[in-house]
Amino acid sequence: MTMRHVIRPILRRAITLAARSLLCVAVPIGSTGAQAGRAQAGRAPAPDVVIVRAARLIDGRGGAPLEPAMVRIEGDRITAVGRTLPVAANERVIDLGAATLLPGMIDLHTHLTGRRSVHWEDALVKTTPAFDALWGAANALVTLQAGFTTCRDMGPTWPYVDVELRNAIDAGAVPGPRMMVAGNYVSSTGGAGDARQFSIYVDVPLVRNLADGPQEIMKAVRTNFKHGSDFIKILASGAVLSKGIEPGAQQYSDEEIQSAVTEAARWGRQVASHSHGASSIIASIKGGVRTIDHGSYLNDEAVTLLKAGNRRTFYVPTLYTSVSIEEDGVAINIPASELERSRRITQVQNAGFRRALAAGLPIGFATDAAVIRHGDNAREFALRVSLGESPMQSIVSATSLNAEIMGWSDRVGSVEVGKFADLVAVTGNPLVDITELQRVGFVMKGGVVVVDAMRRQSAR
Ligand SMILES: [Zn+2]
């Protein structure tokens with residue numbers, strides 16, 4: 001029996017167990033006995049209709065809020081948006097009173113299968129893929145409940161567990177955000193993603209993520225797509241939470257980065273480049289990657305190249321990680337050497353963000369969740385606003401801009417006719433107090449209410 005034959009049934013069992021404990025939170029809207037009866041009679045039932053009403057709608061595109069606002073939802077899609085909409089007698093109205101309604105938020109850099117208190121190198125020798133699967137299901141729920149209805153997931157410790165998590169969510173087995181997954185990040189030998197930071201005698205045979213030279217990288221890209229990855233994550237520089245090469249050092253050569261982009265493009269897919277250092281950022285932009293993740297040492301040359309690229313490559317910082325590592329690093333077992341790396345990079349990261357802001361660059365929204373606590377994703381907003389970004393700009397970043405970056409503008413990122421009914425609501429006005437987004441009281445994904453904890457004001 002091969003390893004795969006052993007692991008697959010374990011994962012399936014793990015996901016079923018997770019589903020049993022978690023499924024009860026998702027309540028489909030508007031299912032009625034009458035509709036079930038029609039279905040039994042053999043005719044297709046009319047899609048469920050629900051109207052969500054709130055004092056204000058920020059639709060994710062950056063325009064003035066709509067006040068008041070109503071959103072009509074049929075099945076999993078938005079079919080009308082307006083100040084007032086007609087409501088038929090049999091249609092259900094969810095009245096959110098004085099609340100502000102927004103699109104479901106998007107995080108471009110999560111590790112949903114990662115458990116925060118377990119260092120990834122420890123996880124490789126002390127846990128199984130089932131650990132990632134179960135915690136992945138739990139973290140997916142927490143993230144969804146925090147109002148993040150879409151995540152680009154940057155890869156698990158155990159390869160391809162994120163593919164299975166995405167599939168389980170899509171199949172309705174466990175609740176979670178829509179996921180675009182990396183499967184197995186691609187790293188050079190001895191670099192940030194090299195899990196073998198152990199004695200040369202310790203082998204971790206299942207992690208086949210190392211690729212050196214354009215040929216091996218091409219093969220790694222093909223292997224990832226074969227096994228269900230949606231995009232490619234490469235580690236173009238060192239990392240903060242690693243004992244490998246320094247975060248500022250370039251780790252993949254220009255040719256190696258180019259190879260990943262060229263092969264991914266043949267499949268019509270994008271490459272995300274984990275890049276801290278300036279030279280890795282610049283090489284990645286020139287190589288044509290979609291996102292510069294972290295982008296810590298973003299300098300003027302990089303900004304100029306990004307502007308010239310005209311929305312081909314996007315800068316996607318993860319700033320709140322520094323705060324989180326500083327506050328909780330010791331408690332969650334981050335080694336002292338990596339805490340020191342984080343401290344050294346904080347001011348540089350914030351300066352890079354201000355530089356991008358001053359240049360008017362579109363800035364993607366991401367958190368590196370797993371490094372920060374899952375569900376704390378919205379804390380990134382307050383930090384960005386404190387560094388000079390307007391609340392509206394940060395909301396656009398986490399909604400329509402992130403959808404554009406993912407290539408998913410046709411389905412998520414704004415409250416518009418034809419998009420998935422992914423909605424969140426907060427009691428106050430996030431344009432006045434951006435921390436409102438940390439207290440989401442209502443979440444709907446694809447027309448299904450996931451969280452409904454808002455105090456209702458009177459209906460009329
Ligand atoms: Zn990451």
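Worth saying up front: this structure is predicted, and the values here are computed from it rather than measured.

Caption draft 1: Representation of the environment of Met154 in the model. You can see Met154 is positioned in the loop between strand S8 (148–153) and helix H5 (161–170). In this structure Met154 comes out as buried when scored by C-beta crowding, with 27 C-beta atoms within 10 Å. Taking C-alpha positions, Met154 is 9.5 Å from His274, a pair spaced 120 residues apart along the chain. Apart from residues lying up to four places away in sequence, Met154 is in contact with His109, Thr110, His111, Ala182, Tyr185, Lys233 and Ala272.

Caption draft 2: Quick peek at the sheet that holds strand S12 (residues 291–294). Strands sit in the order S10-S11-S12-S13 across an open sheet of 4 strands; the sheet is parallel. Among the strands making up the open sheet, the edge pair consists of strand S10 (232–235) and strand S13 (314–316). Within the sheet, the average angular offset between the axes of one strand and its neighbour, ignoring direction, is 25 degrees.

Caption draft 3: Structural context of the nonpolar core. Val71, Leu101 and Ala260 are the most contacted members of the largest nonpolar core, which totals 116 residues. A domain-level breakdown of this core finds at least three residues from each of domain 1 (33–104 + 416–452) and domain 2 (105–377). Apart from residues lying up to four places away in sequence, Ala260 is in contact with Val186, Ile217, Val221, Ile232, Ile234 and Val271.

Caption draft 4: Main features of the sheet that holds strand S1 (residues 49–54). Here 4 strands make up an open sheet; going across it, the order is S4-S3-S1-S5 and the pairing mixed. Looking along the sheet, the strands with just one partner apiece sit at the ends: strand S4 (77–82) and strand S5 (92–95). In this sheet, neighbouring strand axes are inclined to one another by 20 degrees on average, regardless of whether the strands run parallel or antiparallel. Sheet topology note: the strand S3 (residues 69–74)/S4 ladder contains 5 bridges and is antiparallel. Note on S4: the bridge partner recorded for Ile73 is Ile78.

Caption draft 5: Just helix H8 (residues 278–287), in detail. Counting buried positions along H8 yields 8 of 10 residues, so the element is predominantly enclosed. For H8, the complete set of buried residues consists of Ala278, Ser280, Ile281, Ile282, Ala283, Ser284, Ile285 and Gly287. Summarising the contacts, the buried residues of H8 are in contact with helix H7 (254–266), strand S11 (271–275), S12 and helix H9 (300–309). Among the residues trailing H8, Gly288 stands out with phi positive, at a value near 90 degrees.

Caption draft 6: Structural context of the packing of helix H4 (residues 129–145) against H5. At a closest axis distance of 10 Å, the pairing of H4 and H5 adopts a crossing angle of 45 degrees. Considering the angle they form, H4 stands oblique to H5. Considering how the two elements wind past one another, H4 and H5 form a crossing that is right-handed. Across the interface between the two elements, Pro129, Asp132, Ala133, Gly136, Ala137 and Ala140 from H4 touch Val161, Glu164, Leu165 and Ile169 from H5. For the contact of H4 with H5, the residue count by class is 7 nonpolar, 1 polar and 2 charged.

Caption draft 7: A look at the environment of His227. Along the polypeptide, His227 turns up in the loop between helix H6 (213–226) and S10. Once the C-alpha coordinates of His227 and Val163 are considered, the two residues, 64 residues apart in sequence, prove to be 8.1 Å apart. Excluding anything up to four places from it in sequence, His227 contacts Tyr160, Val163 and Gly183.

Caption draft 8: Main features of the pairing of S8. S8 sits mainly inside the fold: 6 of its 6 residues count as buried. Inspection of the sheet shows strand S7 (residues 105–110) paired to S8 by 4 bridges, in the parallel sense. Each bridged residue has a counterpart across the sheet, and for Asp107 the counterpart in S8 is Cys151. Across 4 bridges, the pairing between S8 and strand S9 (residues 178–181) is parallel. Residue Asp153 lies in a different strand from S9, and its bridge partner there is Val181. Running through H5, the crossover from S8 to the neighbouring parallel element S9 is right-handed.

What counts, and where the lines are drawn
Residues numbered from 1 in each chain as written. Predicted model: local features only at pLDDT ≥ 70, side-chain atom pairs only at ≥ 80, totals over all residues. Helix = DSSP H or I, 4+ residues; strand = E, 2+ residues; numbered from the N terminus. Buried ≥ 20, exposed ≤ 12 C-beta atoms within 10 Å, placed from the backbone. Contact = placed C-beta atoms within 7 Å. Pairing = 2+ DSSP bridges. Axes fitted to C-alpha atoms, helices over the stretch in contact; angles between N-to-C directions. Core = buried A, V, L, I, M, F, W, Y, C linked by C-beta atoms within 7 Å. Domains from an automatic or database assignment. Parallel < 35°, antiparallel > 145°, perpendicular 65-115°, else oblique. Left-handed = near helix turned anticlockwise from the far one by under 90°. Nonpolar A, V, L, I, M, F, W, Y, C, P; charged D, E, K, R; others polar. Right-handed = clockwise from strand over helix to strand, strands pointing away.

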